[in-house]
Amino acid sequence: MQTAFTPEALRDPDTAHTEGIVRKCVHCGFCTATCPTYVTLGNELDSPRGRIYLVKEMLENNRPADEKTVTHIDRCLSCLACMTTCPSGVNYMHLVDHARVHIERTYRRPVPDRLIRWLLAKVLPYPRRFRFALRAARLGRPLAGVLDGIKPLKPLAAMLRLAPAHLPAAPVRPSAPASAGRRVAILGGCAQSVLDPGINAATVRLLGRLGIEVVSPPGEGCCGALVHHMGREDEALGFARRLVDAWTAEIEGRGLEAIVITASGCGTTIKDYGHMLRLDPAYAEKAARVSALAKDVTEYLATLDLPLPERPVDAVVAYHSACSMQHGQKISQAPKVLLAQAGFTVRDVPEGHLCCGSAGTYNILQPEISARLRDRKVANIERIHPDIIATGNIGCMTQIGSATAIPIVHTVELLDWAFGGEKPAALESFTPRPLAVAAE
């Protein structure tokens, strides 16, 4: 794609990077076939190709964002399916991230939108605040129908509906015994630690039985993904630096073999820290080292020599590959192979490349499009009649679980169960079929 960025604009390193991305686009349109918003809405400006044009026009002369551009960029899920499809290697992730930062700096949103975004940024990344907000949401749930009738307040209605009826107890820090052998860190995280601390607990149990020490360094917190995707760059980089500092202390202390991530949305962002902090001389090298060590839990488990499962379960599992897993991190086979090794019958979900509509805060900020994508995803899952749904991202678990009676759990919870751990809490009422025993 031809560009006409001014020399003044190109003096900004982020804009220069964006121009290189835009120039790779050859207008082929392959991205439109796999873009959830284009498939749903049919509007060229709600496709990656259309958004690239909008971003190019906005940034070429460093003009402030306008309502039209903001509308279509806001509708982007950052699912990155376009990057999987693109034959030209267009890094749409960095492009749309830059566009969102520019929007945040130059566009004045309506007051209700500003307040809702501020609320999300100041609550979701902080576990104590988030836990309190979820408890309060239970009281406000009856108001969801009223808020639905007021267009600017629809996100609040979506927020109330997504809040779980019950919250698990607050997690405890991993206390695995020190080991002279293999040692990894685990991301405690923010929203997941409140919504389902059992995911990290299962990871620690499983790795502990495999002789791997798991540590959760003091001083860590949110990875910054939630605010990063809202264009709040300073906050996102602040979270990133805090995590880099916490993990660097462990790397330079007793050392780390890997940094294990159990929320694939976080993993995609952490693996990009090297890019996000590349212009910070105090953090560039450390951030790149952290990104290189970051591994999704299934990505890490795939490198280990796993034993035979202690409790193979005869159950059909629909594996939902989160967008941040399959498109963001290019991990597609490892989770399914691990589940099959553990004894589960694994089935792919039709239209598995399409997003479920969760996408961080998207199911709050764009509730109508999100609901259409959720219903499409659930219908595809239910078509294959699974006993259990497995996935690697807490956002997908919340989104899909809100619209189906089929139990949904994290992949690592099933693996922990099969390899001798506890039965996942979400499967309390699930009774597996007895496995047939071969005659001797």
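Look up a bit, the structure's there.
What counts and what doesn't
Residues numbered from 1 in each chain as written. Predicted model: local features only at pLDDT ≥ 70, side-chain atom pairs only at ≥ 80, totals over all residues. Heavy atoms only, no water. Helix = DSSP H or I, 4+ residues; strand = E, 2+ residues; numbered from the N terminus. Rg over C-alpha atoms; globule rule 2.2 N^0.38 Å. Buried < 20%, exposed > 50% of the residue type's maximum accessible area, 1.4 Å probe, protein only. Contact = heavy atoms within 4.5 Å. Areas by Shrake-Rupley, 256 points an atom, 1.4 Å probe, with all protein chains shown as cover. Pairing = 2+ DSSP bridges. Axes fitted to C-alpha atoms, helices over the stretch in contact; angles between N-to-C directions. 1 Å grid on protein atoms, 1.4 Å probe; cavity = no way out; pocket = protein on both sides within 12 Å on 5 of 7 lines; lining within 4 Å. Points joined across faces, edges and corners; volume = space filled by probe spheres on them. Nonpolar A, V, L, I, M, F, W, Y, C, P; charged D, E, K, R; others polar.

**A few points about the overall build of the protein**
Part 1 of the reasoning: Across its full length, the protein carries 25 helices and eight strands.
Part 2 of the reasoning: The globule rule puts the C-alpha radius of gyration for 440 residues at 22 Å, and the 22 Å found for the protein is close to it.
Part 3 of the reasoning: When its C-alpha atoms are laid out on the principal axes, the protein stretches across 75 × 50 × 45 Å.
Part 4 of the reasoning: Counting all 440 residues of the protein, 53% fall into the buried class.
Part 5 of the reasoning: Pairs at least 24 residues apart make up 73% of the contacts formed inside the protein by residues separated by at least 6 positions.
Part 6 of the reasoning: Looking at the protein as shown, the accessible area adds up to about 19,100 Å², and 56% of this sits on carbon and sulfur atoms.

**Let's talk about the sheet that holds strand β3 (residues 258-261)**
Part 1 of the reasoning: Sheet architecture is open: four strands sit in the order β2-β1-β3-β4, paired in parallel fashion. Each end of this open sheet is capped by a strand with a single partner; those strands are β2 (213-215) and β4 (294-296). When the angles between neighbouring strand axes are averaged without regard to direction, this sheet yields 35°.
Part 2 of the reasoning: Here three bridges tie strand β1 (residues 183-186) to β2, and the two strands are oriented parallel to one another. Bridge pairing in β2 places V184 opposite V214.
Part 3 of the reasoning: Sitting on the sheet, helix α13 (residues 198-209) touches β1, β2 and β3, and the angle it makes with β1 is about 175°.
Part 4 of the reasoning: The strands that helix α18 (residues 284-293) touches are β3 and β4; relative to β4, the one it contacts most, it runs at about 25°.

**As for empty space enclosed by the protein**
Part 1 of the reasoning: Counted according to the given criterion, the structure contains three cavities of 30 Å³ or more.
Part 2 of the reasoning: Taken as a whole, the largest cavity holds about 130 Å³ of empty space.
Part 3 of the reasoning: If you go around the largest cavity, you meet 17 residues; those closest to its centre are C25, C31, I52, C86 and V90.
Part 4 of the reasoning: Put simply, the parts of the chain that give the lining of the largest cavity at least two residues each are α4 (48-60) and α6 (81-85).
Part 5 of the reasoning: Here the lining of the largest cavity takes three residues from α4, the largest share from any one element.
Part 6 of the reasoning: A breakdown of the residues in the lining of the largest cavity according to their chemical character gives 13 nonpolar, three polar and one charged.
Part 7 of the reasoning: Of the pockets and cavities examined, the second largest cavity occupies roughly 80 Å³.
Part 8 of the reasoning: C35, C76, C79, C82 and Y92 are the residues nearest the centre of the second largest cavity, which is lined by 13 residues in total.
Part 9 of the reasoning: Looking at the lining of the second largest cavity, the elements with two or more residues in it are α3 (36-41), α4 and α6.
Part 10 of the reasoning: Residue classes in the lining of the second largest cavity are distributed as ten nonpolar, two polar and one charged.

**Thoughts on the pairing of β1**
Regular strands place side chains that alternate from one sheet face to the opposite one.
Part 1 of the reasoning: Here β1 shows two buried faces, one formed by R183 and A185 and the other by V184 and I186.
Part 2 of the reasoning: Pairing of β1 with β3, which is carried by three bridges, proceeds in the parallel orientation. The partner of I186 across the bridge, within β3, is V260.

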